[in-house]
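# A closer look at the structure
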Amino acid sequence: MLFAGCDWSDRWLDVAVLDRSGAVLGETRIVYADSPDPVACYREFLALLGRRWRATVTGIEDVHILFARSLAASGMEVVHVDSTRASRHRPRSEPPRRIAPMRS
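For clarity, every value in this text was computed on a predicted model and none was experimentally measured.

### Quick look at the packing of helix H1 (residues 38-48) against helix H2 (residues 66-73)
Contact pair H1 / H2: the axes reach a minimum separation of 10 Å and the direction vectors enclose 60 degrees. Between H1 and H2, the interaxial angle falls into the category oblique. The way H1 lies across H2 gives a crossing that is right-handed. The residues of H2 that touch H1, namely those facing Pro-38, Val-39 and Tyr-42, are Phe-67, Ser-70 and Leu-71.

So, in structure tokens, the structure goes:
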């Protein structure tokens with residue numbers, strides 16, 4: 001089983017696929033303007049990893065967007081990911097930025 005995380009915007013989807021140990025197997029960006037069918041692009045990307053696309057659990061912040069609903073309709077498991085909670089576990093490559101206090 002694989003786990004994929006999708007970070008979506010109104011222009012593209014950023015996708016990262018991990019195995020059970022947490023190792024990143026691949027990353028891609030699917031640009032809506034370049035693809036008439038983002039779901040097909042997603043499946044092709046998974047196929048390049050040599051995996052069956054139905055065995056992938058896809059986590060996404062908004063399970064109500066068309067992409068997520070289309071994945072679910074095609075038989076894939078789609079789960080909600082709370083981006084606020086997920087960011088707490090993200091490794092920090094740089095020290096956190098300090099916000100200057102507001103002056104009145």
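### Focus: the side chain of Ser-35
Relative to the helices and strands, Ser-35 is located in the loop between strand S3 (24-31) and H1. At 3.2 Å, the side chain of Ser-35 forms a polar contact with the backbone oxygen of Asp-37.

### Things to note about the side chain of Thr-58
The residue Thr-58 is located in strand S4 (residues 56-60) in this model. Looking at Thr-58, the relative accessible area reads 1%, which means it is buried. Among the polar contacts made by the side chain of Thr-58, one reaches the side chain of Tyr-42 at a distance of 2.7 Å. Dropping the residues within four chain positions of it, Thr-58 is found in contact with Ala-4, Cys-6, Tyr-42, Leu-71, Met-76, Glu-77, Val-78 and Val-79.

### Digging into the confidence of the model for the protein
The predicted coordinates of low-pLDDT regions are not to be read in fine detail. Residues with a pLDDT of 70 or more make up 77% of the protein, whose mean pLDDT is 82. Here helix H3 (residues 83-88) is the element of the protein with the lowest mean pLDDT, 64, and S3 is the one with the highest, 93.

### Focus on the nonpolar core
In summary, soluble globular proteins display a tendency toward joint burial of nonpolar side chains. Core analysis: the largest hydrophobic core is formed by 17 residues, its most contacted members being Cys-6, Val-15, Val-17, Tyr-42 and Phe-67. When residues of this core are traced back to their parent elements, those giving at least two are strand S1 (2-8), strand S2 (12-18), H1 and H2. In terms of residue count, H1 provides more of this core than any other element does, four residues in total. Setting aside its immediate chain neighbours within four residues, Val-17 contacts Leu-2, Phe-3, Ala-4, Ala-23, Val-24, Leu-25, Gly-26, Phe-45, Leu-46 and Leu-49.

### Points about H1
Because an α-helix packs 3.6 residues into every turn, residues spaced three or four apart end up facing the same way. When H1 is considered as a whole, its buried residues turn out to be Pro-38, Val-39, Tyr-42, Phe-45 and Leu-46. Take H1 and look down its axis: the buried residues cluster within an arc of 120 degrees, on one side only. Facing away from the buried side of H1 by more than 90 degrees, the exposed set consists of Glu-44 and Leu-48. Against S1, S2, S3, S4 and H2 lie the buried residues of H1. Of the residues trailing H1, Gly-50 is marked for its positive phi of about 75 degrees.

Rules of the game
Residues numbered from 1 in each chain as written. Predicted model: local features only at pLDDT ≥ 70, side-chain atom pairs only at ≥ 80, totals over all residues. Heavy atoms only, no water. Axes fitted to C-alpha atoms, helices over the stretch in contact; angles between N-to-C directions. Helix = DSSP H or I, 4+ residues; strand = E, 2+ residues; numbered from the N terminus. Parallel < 35°, antiparallel > 145°, perpendicular 65-115°, else oblique. Left-handed = near helix turned anticlockwise from the far one by under 90°. Contact = heavy atoms within 4.5 Å. Polar contact = N/O pair within 3.5 Å; in protein donor to acceptor, adjacent residues only side chain to side chain. Buried < 20%, exposed > 50% of the residue type's maximum accessible area, 1.4 Å probe, protein only. pLDDT = per-residue confidence, 0-100. Core = buried A, V, L, I, M, F, W, Y, C linked by side-chain atoms within 4.5 Å. Arc of directions from axis to C-beta.

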